[in-house]
Structure formats: structure tokens, C-alpha cells
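# Reading the structure
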Amino acid sequence: MRIRILLGRRSRVGDGRPFLSPIPVSVRTAVLSPGFAETDWVHVFADGWSREVEELEPELLAAPLLELRRVAARAAERRIALPSLGYAVVAFTGAGQPVLADRDRDFFWRVFQVPLFEQFLSPTGQTLAAECDAHQGLHILPGHAGFTGFPGIIDTARCACGQPGARIVVPLNAAAPRPQVMAAAAGD
Ligand SMILES: [Zn+2]
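## Let's talk about helix α2 (residues 65-76)
Between its first and last C-alpha, α2 extends 16 Å over 12 residues, near the 16 Å set by a 1.5 Å rise per residue. Within the span of α2, buried status applies to L65, E67, L68, V71, A72 and A75. Down the axis of α2, the buried side of the element spans an arc of 155°, and every buried residue falls inside it. Packed against the buried residues of α2 are β3 (60-64), β4 (88-94), α3 (102-112) and β5 (116-121). One or two steps after α2, the chain reaches R78, where phi turns positive at roughly 60°.

Below, the structure written as C-alpha cells:
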């Protein structure tokens, strides 16, 4: 006998791509984007922010950049509360989408008061590159070095975090609208 308790908002447990947590411990995680696999710790809210997210009391929140901006703006106006958020926020970015700007980082820090990690997703939602806790760019995950839409300069020098491999080094001031930074980099 089965009792339906999921109303379609969440994906089924085990379905989807794994969410790559930026922190090494398991914490209550809300991912406001479809296509990620649910686990004991990772809860997926395909439709974005809702009261259910607030009720989950997530310790880590991950969302597409635009959704994270909306959540932050509402939190700044005290229309929603996230006092449980004790570990991190993750902003998903992608090719052809808005760039995570310094002003976003400042705003998210003021509102959420936890470290921010950027993760760059493919058009199909695969995690291609992820920011480490040294915050020195986004490490390109194995198998994805051939992707051509990365929004920055590729640096192969060893990262301060100790991880080898190529990183996307996003220019310090990404606030200017410049979707193809790589082409403009030579001019400095
Ligand atoms: Zn690193």
C-alpha cells in the first residue's frame, strides 16, 4: 500500500543529477532548481522559493542566480526568514545567463551572512565548474574542459585550495555587461 505524500513539487528520491555540495559535511540543503537528485539531505524544489522551503529550515541554499537574487531581495525586506542558513549559499550560473557580479556577492553576504559559492551549469543543467572554498575561480570538473561557453579566462596554475586542474578565473569586476570576457581579455 502506498500513501501519496509528495505533491509533485519535489522530484523523486534518487532521480536526477547529484548536487555537488561545496562543503564536506551533510547539512539540510534546499535546491531551488529542477533536475537534481534528492537524498536524505538534499531537497529539490523545482518551482523555486516557497513556504515549504522556509519550513524545511535549510542550512544550505542553492538556486539559479536570478532566483537567489529574488530570495535575497525578499529576505532583505524581511518578507521571508532564513535564520537556519548556517553554511553556504550556492548560485547557479550558465552560458548566456547573467553573470554573478561583485554587487551580488556583497548583497548576498549582507543578507545571508554565509559564504557564497558559484557553480556553472551546462544548458542541460549539468554542473561543469564549481567554486572552491579558496574562492579563486571555478574548478572545471573532470570531463568538461572542452566546453566552450565558460565566462572567463582559463587558468591552469595550482589553486590555493590545493586542487589541481583548470579553473575559470572570472574577472574581479564582472559587473559590466560583457558576456564574452575571453575575447576582451587581451586588451586588458
Ligand atoms: Zn580551488
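## Looking at the pattern of salt bridges
Scanning all chains against the criterion turns up 8 salt bridges. With a closest N to O distance of 2.8 Å, R70 and E67 form a salt bridge. Pair noted here: R70 and E67 are both in helix α2, with a separation of 3 residues, about one helical turn. Note on R70: relative accessible area 49%, which makes it partly exposed. For E67, a relative accessible area of 12% gives the class buried.

## A look at unusual backbone geometry
Even without being a glycine, E57 presents a positive backbone phi close to 55°. Inspection of the secondary structure puts E57 in the loop between α1 (51-56) and β3.

## Details of the nonpolar core
With 23 residues, the main nonpolar core has L32, L61, L68, V71, F108 and F112 as its most contacted residues. Of the residues forming this core, the biggest block, 5 residues, is contributed by α2. Not counting the four nearest positions on each side in its chain, V71 is found in contact with L32, W49, L61, I80, L82 and F112. By size, the runner-up hydrophobic cluster in this structure holds 14 residues, among which are F19, V42, L60 and V90.

## Let's talk about the coordination of the zinc ion
Surrounding the zinc ion are the protein donor atoms C132 (SG), H139 (NE2), C159 (SG) and C161 (SG), at 2.1 to 2.3 Å. Around the zinc ion, the 4 donor atoms sit at angles spanning 101 to 119°, and that spread fits a shape best called tetrahedral. Donor residues binding the zinc ion come from one chain and are separated in sequence as C-x6-H-x19-C-x1-C. With C132 in the loop between β6 (127-131) and β7 (138-140) and C161 in the loop between β8 (153-155) and β9 (167-169), this pair connects stretches of sequence that are 29 residues apart.

## A word on the pairing of β4
Within a regular beta strand, the side chains point alternately toward one face of the sheet and then the other, so they alternate between its two faces. With respect to burial, β4 is a largely interior element, 7 of its 7 residues being buried. Burial along β4 is two-sided: A88, V90, F92 and G94 and V89, A91 and T93, pointing in opposite directions, are all buried. Of the pairings in the sheet, the one linking β3 to β4 comprises 5 bridges and is parallel in character. Each residue of the ladder has a partner; that of A63, found in β4, is A91. Handedness of the β3-α2-β4 crossover: right-handed. Relative to β5, β4 is paired through 6 bridges, and the arrangement is parallel. Across the sheet, residue V89 finds its bridge partner in β5, namely L116. The parallel pair β4 and β5, bridged by α3, forms a crossover whose chirality is right-handed.

## Examining the sheet that holds strand β1 (residues 29-31)
The 9 strands are arranged β2-β1-β3-β4-β5-β6-β7-β9-β8 in an open sheet whose pairing can be described as mixed. The open sheet has two free edges, formed respectively by β2 (42-44) and β8, since each of these has just one partner strand. Each neighbouring strand pair of the sheet contributes to a mean axis angle of 25°, computed without reference to strand direction. Bridging between β8 and β9 involves 3 bridges; their strand directions are antiparallel. By the bridge assignment, D155 is partnered in β9 with R167. Contacts between α2 and the sheet are confined to β3, β4 and β5, with β3 contributing the most and set at about 125° to the helix.

Parameters and conventions
Residues numbered from 1 in each chain as written. Predicted model: local features only at pLDDT ≥ 70, side-chain atom pairs only at ≥ 80, totals over all residues. Heavy atoms only, no water. Helix = DSSP H or I, 4+ residues; strand = E, 2+ residues; numbered from the N terminus. Expected span 1.5 Å × (residues − 1). Buried < 20%, exposed > 50% of the residue type's maximum accessible area, 1.4 Å probe, protein only. Arc of directions from axis to C-beta. Contact = heavy atoms within 4.5 Å. Salt bridge = Lys/Arg side-chain N within 4 Å of Asp/Glu carboxyl O. Core = buried A, V, L, I, M, F, W, Y, C linked by side-chain atoms within 4.5 Å. Donors = N, O, S within 2.8 Å, 3.2 Å for Na, K, Ca; no water. Tetrahedral: all angles 85-135°; square planar, octahedral: opposite > 155°, others 65-115°. Pairing = 2+ DSSP bridges. Right-handed = clockwise from strand over helix to strand, strands pointing away. Axes fitted to C-alpha atoms, helices over the stretch in contact; angles between N-to-C directions.

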